[in-house]
Amino acid sequence: MSDNEYNQTHNVTRRAGLAGAEKSVGVIVIGRNEGERLRRAFSSLPLGEVAVLYVDSGSTDGSVELARSLGIEVHRLDPARPFSPARGRAEGVGRLMPTTPDLQYVQFLDGDCELAPEWLATAAAYLEQHPEVGVVCGMLTEAAPEASIYNRLSPQRWKLPAGEIKACGGIFMIRRQVYEAVGGFNPDLITREESDLCARVRAGGWRVVRLDTLMAKHDSGLLSFKEWWTRAVWGGYGDALGIDADPGNSENRQRLRWYLTGTPVAPVLIVGGAAGTIWSPWFLVLSLFGMFSLSFQFARITVARIRQGDRIRDALLFAAFFVLRNLACGWGFMRCFLGRGKRSSAKPDPHAPRRRHPHPRPTTAQRQTVPVSYTHLRAHETVLDLVCRLLLEK
């Protein structure tokens, strides 16, 4: 479905599908400096038909004023405590539920996403028909895959099967009674808060299900390698905080083993082994083992993507970035513990206000006018960005 078709169907489909569900569904939108993406997120919602609450994490771009101008209730997080998606969602639920006694289902939406027009009705109907299901999510697609190589890679990570799953992402619908029964989001987590919530949902006897239905369009907004790398480092940093907070958790123990024995250790082995050859040539074995580990993972992922139907070129590029992302997560993991006592200054924050670029970001219409074979640097691109983009383009 093209962008125009997607937008044209919003006003018709969403209203037709919500005829009997508008009093039972509430939507919580979280965001920080999302700009025009937040406006598109709000426009994808049936405002006036469902309860909508916007939770803002210290935006400086007029996000709060935009929400209020559309008649949307706003909850601003206290800057005295660290911002996080988990905290935003948790406080949003605490603010929304007391004012909407008829609320049965809560839909969470990030400020850089647009809900599919039929999703609210589809999800609410599915939960109504399947009382054993506590959480339901759907499929994601990228809103602007042509904007950068990093945006184009994102939907490849979202090619996930439908059916019962262990955990979902940050966009999903949950029963009110289930959310209250499991205690809601843990506001102290900065990443993987959805996995933590879903684990408690499953432990409580409910199922988590992904439907084979378009749920939302996500605008990753990753226009440079630095933005992509920072978001990956943030993930590793958040993993370290989660493991530190609850080391006895089985999933945290498994994650810790991966950080200590998996891909993030390979660079340490390669560099340490090379340095160790000063004392003994046998240290070279460590370097060779590290290189073999990275090569094996690269080959394994490439083969898996080809079997899923990817072109060889796409599979190779995805595998390369997948391995590189694991290394970034490992760096974030180490930064957390190396920065003990000064975490506030060491913590990477991908949601912080971005520095202004020397040129305005191109609009979707402007991007579509750029030839596919265009080989000059586009706005915001580095040489690395250009090389990766050309590897994907025909």
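Quick look at the structure, then. (Residues numbered from 1 in each chain as written. Predicted model: local features only at pLDDT ≥ 70, side-chain atom pairs only at ≥ 80, totals over all residues. Heavy atoms only, no water.)

1. Some remarks on the packing of helix H9 (residues 225-245) against helix H13 (residues 312-338)
Then step 1. Contact geometry of H9 with H13 gives a least axis separation of 6 Å together with a crossing angle of 50°. Comparing the axis directions of H9 and H13 gives the class oblique. With respect to the hand of their crossing, H9 and H13 are arranged in right-handed fashion. Touching Phe-225, Trp-228, Trp-229, Ala-232, Val-233, Gly-236, Tyr-237, Ala-240, Leu-241, Ile-243 and Asp-244 of H9 are Phe-321, Leu-324, Arg-325, Leu-327, Ala-328, Cys-329, Trp-331, Gly-332, Phe-333, Arg-335, Cys-336 and Phe-337, all from H13.
Then step 2. Here the contact of H9 with H13 is composed, by residue class, of 18 nonpolar, two polar and three charged. (Axes fitted to C-alpha atoms, helices over the stretch in contact; angles between N-to-C directions. Helix = DSSP H or I, 4+ residues; strand = E, 2+ residues; numbered from the N terminus. Parallel < 35°, antiparallel > 145°, perpendicular 65-115°, else oblique. Left-handed = near helix turned anticlockwise from the far one by under 90°. Contact = heavy atoms within 4.5 Å. Nonpolar A, V, L, I, M, F, W, Y, C, P; charged D, E, K, R; others polar.)

2. Digging into the pattern of salt bridges
Then step 1. Taken as a whole and assessed by the stated rule, the structure comprises 17 salt bridges.
Then step 2. Ionic pairing is found between Glu-36 and Arg-39, a salt bridge with its closest N-O pair at 3.6 Å. Here Glu-36 and its partner Arg-39 are both found in helix H2 (residues 36-43), three residues apart, which amounts to about one turn of the helix.
Then step 3. With a relative accessible area of 46%, Glu-36 lands in the partly exposed category.
Then step 4. You can call Arg-39 partly exposed: its relative accessible area is 42%.
Then step 5. In this structure, Asp-314 engages Arg-311 in a salt bridge whose closest nitrogen and oxygen atoms are separated by 3.1 Å.
Then step 6. Overall, the relative accessible area of 33% leaves Arg-311 in the partly exposed class.
Then step 7. Each of Arg-89, Asp-110, Glu-193 and Glu-194 takes part in one network of salt bridges that share partners. (Salt bridge = Lys/Arg side-chain N within 4 Å of Asp/Glu carboxyl O. Buried < 20%, exposed > 50% of the residue type's maximum accessible area, 1.4 Å probe, protein only.)

3. Re the pairing of strand E4 (residues 105-110)
Then step 1. The buried count for E4 comes to six of six residues, which makes it a mostly enclosed element.
Then step 2. The alternating pattern of E4 places Tyr-105, Gln-107 and Leu-109 on one face and Val-106, Phe-108 and Asp-110 on the opposite face, and all of these are buried.
Then step 3. Here six bridges tie strand E1 (residues 25-31) to E4, and the two strands are oriented parallel to one another. For Ile-28, the partnering residue across the bridge sits in E4 and is Phe-108. (Pairing = 2+ DSSP bridges.)

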